[in-house]
Amino acid sequence: MGETVAGIVANPASGRDIRRLVAQASVFPTAEKANMVQRLLAAFAVTGLDRALVSTDLGGISAAVLKALGRGGSWPTVDFCDDDPLTGTAADTTNAVRRMVEAGAGVIVVLGGDGTARVAAAACEDVPILALSTGTNNAFPQMREATVAGLAAGLIASGQVDPDLVTHRVSVLEVVTKARREIALVDVCVSSSRHIGARVLWDPASLTELYCTFAEPDGIGLSSVPGQLCPSPRSSPDGVALQLGPVDETPYVVHAPIAPGLVRPVGVRGWGVLTPGMRVELAASGGVIALDGERELELKTGESAFVELKPDGPWVVDVRAAMAEAARKGLLRTETEQGKERRR
Amino acid sequence: MTDTLREAYRVMRTIRAFEERVHDEFATGEIPGFLHLYAGEEASAAGVCAHLDDRDAVASTRRGHGHCIAKGVDVKAMMAEIYGRKTGSCHGKGGSMHIADLSKGMLGANGIIGGGPPLICGTALAAKQQNTGGVGVAFFGDGAGNRGTTLEALNLAAVWDLPALFIAENNGYAEATSSTWSVASDNIADRAAGFGVPGVIVDGFDFFAVHEAAGEAVERARDGGGPTLIEIKFTRHYGHFAGDRQTYRAGETADTRENIDCLTRFRERVTDSGELPGQVFDDIDAEIAKLIEDAVSEAKAAPKPTKEDLETDVYVSY
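On a predicted model such as this, the values are computed, not experimentally measured, just so you know.

**Description of the interface of chain A and chain B**
By a widespread convention, an interface's size corresponds to the accessible area lost as its parts come together.
Here's step 1: With 21 residues of chain A at the contact, the number on the chain B side is 25 residues.
Here's step 2: In terms of residue count, helix H1 (residues 19-22) of chain A provides more of the side of chain A that touches chain B than any other element does, three residues in total.

**Examining the sheet that holds strand S1 (residues 57-59) of chain B**
Strands in a sheet are paired, the pairing made by backbone hydrogen bonds, and the direction either parallel or antiparallel.
Residue and element names in this part refer to chain B.
Here's step 1: An order of S2-S1-S3-S4-S8-S7 is seen for the six strands of this open sheet, with the pairing classed as parallel. The strands lining the two open edges of the sheet, one partner per strand, are strand S2 (106-108) and strand S7 (199-203). With direction set aside, neighbouring strand axes in the sheet form an average angle of 20°.
Here's step 2: Pairing between strand S3 (residues 136-141) and strand S4 (residues 164-170): six bridges, direction parallel. Bridge pairing in S4 links Gly-136 to Ala-164.
Here's step 3: Each of S4, S7 and strand S8 (228-233) is contacted by helix H8 (residues 207-222), which is oriented at about 170° to S8, the strand it contacts most.

**Structural notes on the confidence of the model for chain B**
Here's step 1: Put simply, chain B has an average pLDDT of 93, and 96% of its residues get 70 or more.
Here's step 2: Our summary of model confidence lists the complex with pTM equal to 0.88 and ipTM equal to 0.80.

**Brief notes about the packing of helix H2 (residues 42-49) of chain B against H8(B)**
All names here are of chain B.
Here's step 1: As a packed pair, H2 and H8 sit with axes 8 Å apart at the nearest point and diverge in direction by 35°. In this structure, the crossing between H2 and H8 has a hand that is right-handed. Where H2 approaches H8, its residues Ala-43, Ser-44, Ala-46, Gly-47 and Val-48 are matched on the opposing element by Phe-207, Val-210, His-211 and Ala-214.
Here's step 2: For the contact of H2 with H8, the residue count by class is six nonpolar, three polar and no charged.

**Let's talk about the pairing of strand S15 (residues 288-291) of chain A**
All names here are of chain A.
Here's step 1: Every second residue of S15 is oriented toward a common face, with Val-288 and Ala-290 on one face and Ile-289 and Leu-291 on the other, all of them buried.
Here's step 2: Across four bridges, strand S9 (residues 187-191) lies against S15 in antiparallel orientation. Pairing of Ser-191 across the sheet is with Val-288, part of S15.
Here's step 3: Here S15 pairs with strand S16 (residues 294-298) via four bridges, running antiparallel. Within the sheet, the bridge partner assigned to Ala-290 lies in S16 and is Arg-295.
Here's step 4: Where S15 folds back on S16, the antiparallel hairpin that results is connected by two residues, among which Asp-292 adopts a positive phi of roughly 50°.

**Digging into helix H5 (residues 114-123) of chain A**
Structurally, the α-helix is built with 3.6 residues per turn, so residues lying three or four positions apart point the same way.
All names here are of chain A.
Here's step 1: For H5, a buried count of ten out of ten residues is recorded, marking the element as mostly surrounded by other parts of the structure.
Here's step 2: Along H5, the residues classified as buried are Asp-114, Gly-115, Thr-116, Ala-117, Arg-118, Val-119, Ala-120, Ala-121, Ala-122 and Ala-123.
Here's step 3: Downstream of H5 by one or two residues, Glu-125 has phi in the positive range, about 55°.

**Some details on the nonpolar core**
Here's step 1: Of all hydrophobic cores here, the largest spans 201 residues; its most connected members are A:Ile108, A:Val109 and A:Leu130.
Here's step 2: In terms of residues, this core owes the most to one element, helix H1 (residues 2-27) of chain B, which gives ten residues.
Here's step 3: Not counting the four nearest positions on each side in its chain, A:Ile108 is found in contact with A:Gly7, A:Val9, A:Val97, A:Met100, A:Ala120, A:Cys124, A:Val127 and A:Ile129.

**Focus: the sheet that holds S16(A)**
Residue and element names in this part refer to chain A.
Here's step 1: Taken in spatial order, the seven strands line up as S12-S13-S11-S10-S9-S15-S16 in an open sheet, and their pairing is antiparallel. Where the open sheet ends on each side, the last strands, each with one partner, are strand S12 (252-259) and S16. Strand-to-strand twist across the sheet, computed as the mean angle between neighbouring axes with direction ignored, equals 35°.

**Section: the environment of B:Lys128**
Residue and element names in this part refer to chain B.
Here's step 1: The residue Lys-128 is located in helix H5 (residues 116-130) in this model.
Here's step 2: Counting along the chain gives 79 residues from Lys-128 to Cys-49, while the straight-line C-alpha distance between them is 19 Å.
Here's step 3: With residues up to four places along the chain from it excluded, the contact list for Lys-128 reads Leu-162 and Pro-163.

Conventions and cut-offs
- Residues numbered from 1 in each chain as written.
- Chains lettered and ligands numbered in written order.
- Predicted model: local features only at pLDDT ≥ 70, side-chain atom pairs only at ≥ 80, totals over all residues.
- Contact = placed C-beta atoms within 7 Å.
- Helix = DSSP H or I, 4+ residues; strand = E, 2+ residues; numbered from the N terminus.
- Pairing = 2+ DSSP bridges.
- Axes fitted to C-alpha atoms, helices over the stretch in contact; angles between N-to-C directions.
- pLDDT = per-residue confidence, 0-100.
- Left-handed = near helix turned anticlockwise from the far one by under 90°.
- Nonpolar A, V, L, I, M, F, W, Y, C, P; charged D, E, K, R; others polar.
- Buried ≥ 20, exposed ≤ 12 C-beta atoms within 10 Å, placed from the backbone.
- Core = buried A, V, L, I, M, F, W, Y, C linked by C-beta atoms within 7 Å.

Put into structure tokens, the structure is as follows:
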């Protein structure tokens, strides 16, 4: 095996939207994101990984990592993805992920919320991603200690754990409008509001349709609505489709945690299974389509859009399975002389 | 809703037309003093002030024309003030950096960096004690975000649970110093957590993003929920002051700045969604162009303060 590489993308903008104002959502400061990158790098070093590629940003994360690099430490070689000009938009995540794919990364760790993971997933091709939560809703990224995630990612990227055993492919929802093609990892929602505005959705009264790749009873975000009504596990190839409406007009009302701090009644007219390959026209003319909880597509009058569940989404690292495989193979164990003696 | 959209555009267009005109007039040498232009930042003043009324007070910055216009200060009186005429908002004695109109709740543009936040703690405390439902709003820049006065005011507002909004207008530069270099936490909004205050970041090129966030913060403040810090990120069209050659911004081009213009974006989105026809915007543009033309000619024709005016207005009673 040649040089082993892993990537780390950290979104400086995640975790700062209006939900901190309307819903007491948690704050995730830049300093903590930079600390997480350093904990990942420390874990990479233990696995023997040769090189880490780290995204750059104007938010201070890469600057803090660079400062720490100057102080020395037992890290793999750290290179920053600084070939593309920074835009302060989601394009920075896309560009960094593409560079990591080109550089032969075995795993890309993504620090951000559902929105960041969605953007990374659209660009990572067949390279597995490991999404860690630093955002708000986090139906997709995991809230997990970066040190352990770094061990798992490092063991896979350095070829010690077989990715075929510890990664799986997830479904995505593809939304196509006249001008754009986007994916969502968890949910696509149609809102009657006219503008993207502060992006996130926190008022369920404006929602008319909801499509989810999976729906877990203990989920957070919009997928928690079907999670309490018609759960569909992540392992199922099918998704769910719901028609929503005002609570005084619908036969079902779900009290759903649509965001941290916000348990809201959501009116449901009905639901059904969303099978892969089925194209559904969105009745969103003149409205807004939200991807993974963020209003993203503003439709012009008369512009049509459709959604389709696709089974060929990104490969995703199962940290628990990777660490179990490491334990089975004894990758993080060494036998001392005393141990050998005891065995004899 | 269409009235709100029209009014929002009217405010933003008035600010833009005002600033472009004074930029040109300043070059003729007729305007005394210094000018700091707000062009490019219109969505912030318009998006926040759309939620305010006569109960509410605003403390501004030295880049204050936009806040004054959005808070309802008379545009002709502002122009006269900038020209140093007796018909000005402050009788021609303040100039660009000190335009104030207490009758409109505009506590004044402020030459002191970080001078505004402590002032609105006072107005917010008064509103709270007198139960008026009013809120105090301080606009401040990324440079002022590093000043003790701003941080002390945030602390005081949190301790007293004041109906206050702290609007950090981060245009990327404190004079010529990049905020990515000078702001330790990088995001000013991150500092709110240290005071137990909600801190959010919004796109300052997007009127709707600012309007939504400010609406929630104002409602929260009026309901007794306490202060909020909103960081609005954007860039300014002109330099720090009129005439600034901006050699420190070599990496960005004027073309990029104009491509993300808040007025163009607003117009495109509102016409694309079918909410307002393009003609409405053309009509507002024409109406505002006339207003600014009249404001300049009336200002130029107005008398200057005389020697006898020297000892008046030294103290203002509230």
